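Inside the fold
In case you want the letters, here they are:
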Amino acid sequence: SGYTLGLAAGEGSALTALLPAGHLDKTAQLRDEVTRAMQDKTVRASEAKQATNAQNRQMRAATVWVRKVGRRCQNALQLGIALPPELTRVGRPATVPLMLEQISKTLAMLGERAADMDSVGPETQPLIDEGRKLYQDLQQADAIQERARAADLPASVTAFYVKKAELYNALKIINNAGHELYAHDQAKASRFSLSILHRRGSAPAEATPEAGSPVQ
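Residues numbered from 1 in each chain as written. Predicted model: local features only at pLDDT ≥ 70, side-chain atom pairs only at ≥ 80, totals over all residues. Heavy atoms only, no water.

Some thoughts on the overall build of the chain
- Counting secondary structure elements, the chain contains eight helices and zero strands.
- Taken from N to C terminus, the helices and strands of the chain fall in the order α-α-α-α-α-α-α-α.
- In the chain, buried positions account for 34% of the 216 residues.
- Sequence-distant contacts, at least 24 apart, represent 70% of the contacts inside the chain between residues at least 6 apart.
- Element-wise, carbon and sulfur atoms account for 53% of the exposed surface of the chain, whose accessible area totals about 12,800 Å². (Helix = DSSP H or I, 4+ residues; strand = E, 2+ residues; numbered from the N terminus. Buried < 20%, exposed > 50% of the residue type's maximum accessible area, 1.4 Å probe, protein only. Contact = heavy atoms within 4.5 Å. Areas by Shrake-Rupley, 256 points an atom, 1.4 Å probe, with all protein chains shown as cover.)

Here we look at the nonpolar core
- Core analysis: the biggest nonpolar cluster contains 23 residues, and Trp65 and Leu110 have the highest contact counts within it.
- Beyond its immediate sequence surroundings of up to four residues, Trp65 is in contact with Ile103, Thr106, Leu107, Leu110, Leu127, Glu130, Gly131 and Leu134.
- Within the second largest apolar cluster, 13 residues are counted, among which are Ala28, Ala177, Ala189 and Phe192. (Core = buried A, V, L, I, M, F, W, Y, C linked by side-chain atoms within 4.5 Å.)

Looking at helix 5 (residues 96-118)
- Along helix 5, the helix axis deviates most sharply at Glu112, where the bend reaches about 50 degrees.
- Among the residues of helix 5, Val96, Met99, Leu100, Ile103, Thr106, Leu107, Met109, Leu110, Ala114 and Met117 are the ones counted as buried. (Bend = angle between axes of the 7 residues up to and from the residue.)

What follows is the structure, encoded as C-alpha coordinates:
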(Lines give C-alpha, C1' and ligand atoms only; values in the text may rest on other atoms or scores of the structure.)
Protein backbone atom coordinates (compact mmCIF):
# COMPACT_ATOMS: atom_id res chain seq x y z
CA SER A 1 0.00 0.00 0.00
CA GLY A 2 2.87 2.38 0.73
CA TYR A 3 4.39 1.69 -2.68
CA THR A 4 1.09 2.08 -4.55
CA LEU A 5 0.01 5.23 -2.72
CA GLY A 6 3.43 6.77 -3.26
CA LEU A 7 3.23 5.96 -6.96
CA ALA A 8 -0.26 7.44 -7.20
CA ALA A 9 0.84 10.61 -5.43
CA GLY A 10 3.56 11.06 -8.02
CA GLU A 11 1.02 10.94 -10.84
CA GLY A 12 -1.14 13.62 -9.22
CA SER A 13 -4.44 14.74 -10.71
CA ALA A 14 -3.94 12.78 -13.94
CA LEU A 15 -4.47 9.57 -11.96
CA THR A 16 -6.99 10.80 -9.37
CA ALA A 17 -9.27 11.92 -12.20
CA LEU A 18 -9.65 8.23 -13.08
CA LEU A 19 -10.49 7.21 -9.49
CA PRO A 20 -13.62 7.53 -7.35
CA ALA A 21 -13.67 10.73 -5.31
CA GLY A 22 -11.53 10.44 -2.18
CA HIS A 23 -10.27 6.98 -3.14
CA LEU A 24 -6.62 7.62 -2.23
CA ASP A 25 -7.61 8.96 1.21
CA LYS A 26 -9.88 5.94 1.75
CA THR A 27 -7.05 3.61 0.76
CA ALA A 28 -4.65 5.30 3.17
CA GLN A 29 -7.23 4.97 5.92
CA LEU A 30 -7.66 1.25 5.18
CA ARG A 31 -3.88 0.85 5.25
CA ASP A 32 -3.75 2.44 8.71
CA GLU A 33 -6.61 0.27 9.99
CA VAL A 34 -4.95 -2.92 8.74
CA THR A 35 -1.64 -1.83 10.29
CA ARG A 36 -3.30 -1.29 13.66
CA ALA A 37 -5.08 -4.63 13.43
CA MET A 38 -1.80 -6.38 12.61
CA GLN A 39 -0.14 -4.74 15.60
CA ASP A 40 -3.01 -5.78 17.86
CA LYS A 41 -2.77 -9.37 16.62
CA THR A 42 0.98 -9.38 17.17
CA VAL A 43 0.57 -8.08 20.70
CA ARG A 44 -2.14 -10.63 21.48
CA ALA A 45 -0.03 -13.45 20.05
CA SER A 46 2.93 -12.31 22.15
CA GLU A 47 0.78 -12.10 25.27
CA ALA A 48 -0.66 -15.55 24.63
CA LYS A 49 2.82 -16.97 24.16
CA GLN A 50 4.07 -15.35 27.36
CA ALA A 51 1.02 -16.63 29.24
CA THR A 52 1.60 -20.16 27.95
CA ASN A 53 5.27 -20.00 28.93
CA ALA A 54 4.34 -18.85 32.43
CA GLN A 55 1.81 -21.65 32.75
CA ASN A 56 4.38 -24.19 31.59
CA ARG A 57 6.89 -22.94 34.17
CA GLN A 58 4.33 -23.32 36.94
CA MET A 59 3.44 -26.80 35.73
CA ARG A 60 7.11 -27.82 35.89
CA ALA A 61 7.44 -26.37 39.39
CA ALA A 62 4.29 -28.20 40.49
CA THR A 63 5.63 -31.46 39.05
CA VAL A 64 8.81 -31.06 41.07
CA TRP A 65 6.77 -30.42 44.21
CA VAL A 66 4.63 -33.52 43.66
CA ARG A 67 7.81 -35.52 43.21
CA LYS A 68 9.26 -34.13 46.44
CA VAL A 69 6.09 -34.95 48.37
CA GLY A 70 6.07 -38.49 47.01
CA ARG A 71 9.65 -39.15 48.06
CA ARG A 72 9.16 -37.57 51.48
CA CYS A 73 6.10 -39.72 52.08
CA GLN A 74 7.83 -42.87 50.85
CA ASN A 75 10.52 -42.30 53.46
CA ALA A 76 7.89 -41.73 56.15
CA LEU A 77 6.23 -44.98 55.13
CA GLN A 78 9.56 -46.80 55.37
CA LEU A 79 9.94 -45.36 58.87
CA GLY A 80 6.64 -46.82 60.01
CA ILE A 81 4.14 -43.99 59.41
CA ALA A 82 0.82 -45.15 57.99
CA LEU A 83 -0.02 -43.01 54.96
CA PRO A 84 -2.62 -43.17 52.19
CA PRO A 85 -1.22 -44.79 49.01
CA GLU A 86 -1.96 -41.57 47.10
CA LEU A 87 0.70 -39.71 49.08
CA THR A 88 3.45 -42.15 48.18
CA ARG A 89 2.78 -42.19 44.45
CA VAL A 90 4.95 -39.94 42.31
CA GLY A 91 2.50 -38.92 39.59
CA ARG A 92 2.72 -36.39 36.80
CA PRO A 93 -0.69 -35.01 35.79
CA ALA A 94 -0.66 -33.97 32.15
CA THR A 95 -3.10 -31.05 32.34
CA VAL A 96 -3.46 -28.00 34.55
CA PRO A 97 -6.88 -29.01 35.97
CA LEU A 98 -5.57 -32.45 36.90
CA MET A 99 -2.46 -30.94 38.47
CA LEU A 100 -4.54 -28.49 40.51
CA GLU A 101 -6.76 -31.33 41.65
CA GLN A 102 -3.78 -33.44 42.73
CA ILE A 103 -2.12 -30.57 44.59
CA SER A 104 -5.38 -29.80 46.42
CA LYS A 105 -5.90 -33.41 47.52
CA THR A 106 -2.24 -33.81 48.47
CA LEU A 107 -2.30 -30.66 50.60
CA ALA A 108 -5.36 -31.91 52.47
CA MET A 109 -3.77 -35.29 53.20
CA LEU A 110 -0.45 -33.76 54.19
CA GLY A 111 -2.19 -31.45 56.64
CA GLU A 112 -3.95 -34.38 58.30
CA ARG A 113 -0.72 -36.37 58.75
CA ALA A 114 1.84 -33.61 59.24
CA ALA A 115 2.32 -34.34 62.96
CA ASP A 116 2.99 -38.05 62.33
CA MET A 117 5.46 -37.29 59.55
CA ASP A 118 7.21 -34.64 61.65
CA SER A 119 7.91 -37.29 64.28
CA VAL A 120 10.22 -39.21 61.96
CA GLY A 121 11.52 -36.58 59.56
CA PRO A 122 11.83 -32.88 58.71
CA GLU A 123 9.00 -30.46 59.40
CA THR A 124 6.16 -30.88 56.94
CA GLN A 125 4.72 -27.34 57.15
CA PRO A 126 7.27 -25.74 54.75
CA LEU A 127 6.35 -28.38 52.18
CA ILE A 128 2.67 -27.57 52.69
CA ASP A 129 3.32 -23.83 52.37
CA GLU A 130 5.24 -24.40 49.15
CA GLY A 131 2.38 -26.46 47.74
CA ARG A 132 -0.20 -23.80 48.59
CA LYS A 133 1.82 -21.12 46.82
CA LEU A 134 2.34 -23.35 43.79
CA TYR A 135 -1.39 -24.01 43.65
CA GLN A 136 -2.19 -20.27 43.68
CA ASP A 137 0.51 -19.45 41.12
CA LEU A 138 -0.58 -22.23 38.75
CA GLN A 139 -4.23 -21.26 39.09
CA GLN A 140 -3.39 -17.63 38.30
CA ALA A 141 -1.16 -18.56 35.34
CA ASP A 142 -3.94 -20.74 33.94
CA ALA A 143 -6.48 -17.91 34.26
CA ILE A 144 -4.15 -15.46 32.50
CA GLN A 145 -3.54 -17.93 29.69
CA GLU A 146 -7.27 -18.46 29.21
CA ARG A 147 -7.87 -14.70 29.05
CA ALA A 148 -5.08 -14.32 26.49
CA ARG A 149 -6.60 -17.06 24.37
CA ALA A 150 -10.07 -15.53 24.60
CA ALA A 151 -8.75 -12.11 23.53
CA ASP A 152 -8.35 -13.27 19.93
CA LEU A 153 -12.00 -14.02 19.19
CA PRO A 154 -13.10 -15.30 15.78
CA ALA A 155 -15.07 -12.09 15.20
CA SER A 156 -11.95 -9.95 15.52
CA VAL A 157 -10.02 -12.26 13.21
CA THR A 158 -12.81 -12.10 10.63
CA ALA A 159 -12.87 -8.30 10.83
CA PHE A 160 -9.10 -8.22 10.30
CA TYR A 161 -9.32 -10.25 7.09
CA VAL A 162 -12.26 -8.19 5.83
CA LYS A 163 -10.14 -5.04 6.19
CA LYS A 164 -7.25 -6.71 4.37
CA ALA A 165 -9.59 -7.65 1.52
CA GLU A 166 -10.94 -4.10 1.32
CA LEU A 167 -7.40 -2.73 1.17
CA TYR A 168 -6.44 -5.22 -1.54
CA ASN A 169 -9.44 -4.20 -3.65
CA ALA A 170 -8.67 -0.51 -3.15
CA LEU A 171 -5.11 -1.09 -4.40
CA LYS A 172 -6.41 -3.01 -7.41
CA ILE A 173 -8.58 -0.02 -8.34
CA ILE A 174 -5.55 2.28 -8.21
CA ASN A 175 -3.54 -0.11 -10.36
CA ASN A 176 -6.31 -0.43 -12.89
CA ALA A 177 -6.47 3.36 -13.14
CA GLY A 178 -2.69 3.44 -13.63
CA HIS A 179 -2.95 0.97 -16.50
CA GLU A 180 -5.72 3.07 -18.03
CA LEU A 181 -3.60 6.21 -17.69
CA TYR A 182 -0.63 4.55 -19.38
CA ALA A 183 -2.46 2.31 -21.83
CA HIS A 184 -0.11 3.73 -24.49
CA ASP A 185 3.05 2.96 -22.49
CA GLN A 186 3.32 -0.58 -21.13
CA ALA A 187 6.61 0.11 -19.35
CA LYS A 188 5.04 2.82 -17.23
CA ALA A 189 1.80 0.88 -16.83
CA SER A 190 3.72 -2.11 -15.47
CA ARG A 191 4.71 -0.09 -12.42
CA PHE A 192 1.11 -0.36 -11.24
CA SER A 193 1.37 -3.94 -10.10
CA LEU A 194 0.64 -6.02 -6.99
CA SER A 195 3.57 -8.32 -7.73
CA ILE A 196 5.38 -6.61 -4.84
CA LEU A 197 3.10 -8.63 -2.54
CA HIS A 198 4.72 -11.84 -3.73
CA ARG A 199 8.32 -10.71 -3.69
CA ARG A 200 11.05 -12.53 -1.81
CA GLY A 201 14.00 -10.31 -1.04
CA SER A 202 14.27 -7.28 -3.31
CA ALA A 203 11.31 -5.97 -5.26
CA PRO A 204 10.94 -7.11 -8.90
CA ALA A 205 11.87 -4.63 -11.61
CA GLU A 206 8.29 -3.95 -12.62
CA ALA A 207 7.42 -2.98 -9.05
CA THR A 208 10.18 -0.39 -8.75
CA PRO A 209 9.12 3.25 -9.37
CA GLU A 210 11.03 5.36 -11.81
CA ALA A 211 13.71 7.67 -10.46
CA GLY A 212 12.17 10.71 -8.85
CA SER A 213 8.83 9.02 -8.04
CA PRO A 214 7.93 9.54 -4.36
CA VAL A 215 7.62 6.37 -2.31
CA GLN A 216 6.16 6.36 1.18
